[in-house]
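What the coordinates show
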Amino acid sequence: MIVVYGEPVGKGRPRVSSRSGTVYTPKKTAVYENALGWAAKRSNTRVGGAPAVAVIRAYSAPPSSWSGKKKREAVEGRLQKVTKPDIDNIIKSALDGVQGIAFDDDRQIVACIAVKAYSEEPRLEIELLSLDVDAGMVVAAGEERVVTARTLNEVLAKLAGGTDGARLADCEEARKLVEGVRAEEGGVSVGATAVHGT
């Protein structure tokens, strides 16, 4: 899994220089996509040129002005994040940041599950699963899980929390468990595949 700690940054609109007329990417977007690229290089996430599914989770800290009760409700998933950045811009910056490193080209991403939520630890997580067909079954294989079903739609349902799937709400807990096991087995420190925020 690719993880960048800090508040998620959506893709900014291209800007046009008033002097030269050239189009450029806003600095905040460029810096964030660079951090995503470094996190991708440090992770083991590689799908090459295979068709793939992206699962993107954008966690933001609850506003400091909120009461303790409201912050708890937000972190527990009972309050939804309906503020910026927009989910489509998060997806675009996430995929653009890891393109050419974790996968060859974003046209091979055939499906995407994206979620905005609150967490005490703001971050962006990108899970990539390569797709293949084996004995008539669609197999989505990632770093941390393999999902098999008859169709791509069934694979997506399982990834999003349907029958036999890992619920998205459990992913943070699962990540902490996996990191704890890795730390015990090989001395790998928590966050070894992460770049700390911008």
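Residues numbered from 1 in each chain as written. Predicted model: local features only at pLDDT ≥ 70, side-chain atom pairs only at ≥ 80, totals over all residues. Heavy atoms only, no water.

1. So, the overall build of the chain
Within the chain, the regular secondary structure consists of 5 helices and 9 strands. When the helices and strands of the chain are read in sequence order from the N terminus, they spell out β-β-β-α-β-α-α-β-β-β-β-α-α-β. In the chain, the proportion of contacts linking residues at least 24 apart, taken out of those at least 6 apart, comes to 71%. (Helix = DSSP H or I, 4+ residues; strand = E, 2+ residues; numbered from the N terminus. Contact = heavy atoms within 4.5 Å.)

2. A closer look at the pattern of salt bridges
In total, this model carries 12 salt bridges according to the counting rule given. In this structure, the salt-bridge partner of K11 is E33, at a minimum N-O distance of 2.8 Å. Placement of K11 in the loop between β1 (2-5) and β2 (15-16) and of E33 in helix α1 (residues 27-42) is noted, with a sequence separation of 22 residues between them. Here E33 falls in the buried class, since its relative accessible area comes to 15%. Taking the shortest distance from any N to any O, the salt bridge between E76 and R78 comes out at 2.2 Å. (Salt bridge = Lys/Arg side-chain N within 4 Å of Asp/Glu carboxyl O. Buried < 20%, exposed > 50% of the residue type's maximum accessible area, 1.4 Å probe, protein only.)

3. Section: the packing of α1 against helix α3 (residues 87-98)
Their axes nearest at 7 Å, the elements α1 and α3 cross at an angle of 50°. With respect to their mutual orientation, α1 and α3 come out oblique. The hand of the α1/α3 crossing is right-handed. Of α3, the residues touching α1 (which contributes Y32, E33, L36, G37 and A40) are S93, A94, D96, G97 and V98. (Axes fitted to C-alpha atoms, helices over the stretch in contact; angles between N-to-C directions. Parallel < 35°, antiparallel > 145°, perpendicular 65-115°, else oblique. Left-handed = near helix turned anticlockwise from the far one by under 90°.)

4. With respect to the pairing of strand β7 (residues 137-141)
Note that strand β6 (residues 123-134) and β7 share 5 bridges and pair antiparallel. If you follow D132 over to β7, its bridge partner there is V139. Hairpin connection of β6 to β7: 2 residues between the antiparallel strands, including A135 at a positive phi of 55°. Here β7 hands over to strand β8 (residues 146-149) after 4 residues, the two strands then running antiparallel side by side. (Pairing = 2+ DSSP bridges.)

5. Re the packing of aromatic side chains
In the structure shown here, the tally under the stated rule is 1 aromatic pair. Directly above the ring of W38 sits K41, whose terminal nitrogen or CZ lies 4.6 Å from the centroid. The residue whose ring lies beneath R123 is Y59, and the NZ or CZ to ring-centre distance is 4.1 Å. (Phe/Tyr/Trp six-rings, centres within 6.5 Å; stacked < 30°, edge-to-face > 60°. Lys NZ or Arg CZ within 6 Å of the ring centre and 35° of its normal.)

6. Observations concerning the nonpolar core
Counting residues in hydrophobic clusters, the biggest one holds 23 residues, and the most contacted among them are I56, V98, F103, L124, I126 and L128. Of all the secondary structure elements, the ones that give two or more residues to this core are β1, α1, β4 (52-60), α3 and β6. Tallying contributions element by element places α1 first for this core, with 5 residues. The residues touching F103, leaving out its near neighbours within four places in the chain, are V47, G48, L95, V98, Q108, I109 and L128. Counting 13 residues, the second-largest nonpolar core is a separate cluster that includes L129, L131, V138 and L156. (Core = buried A, V, L, I, M, F, W, Y, C linked by side-chain atoms within 4.5 Å.)

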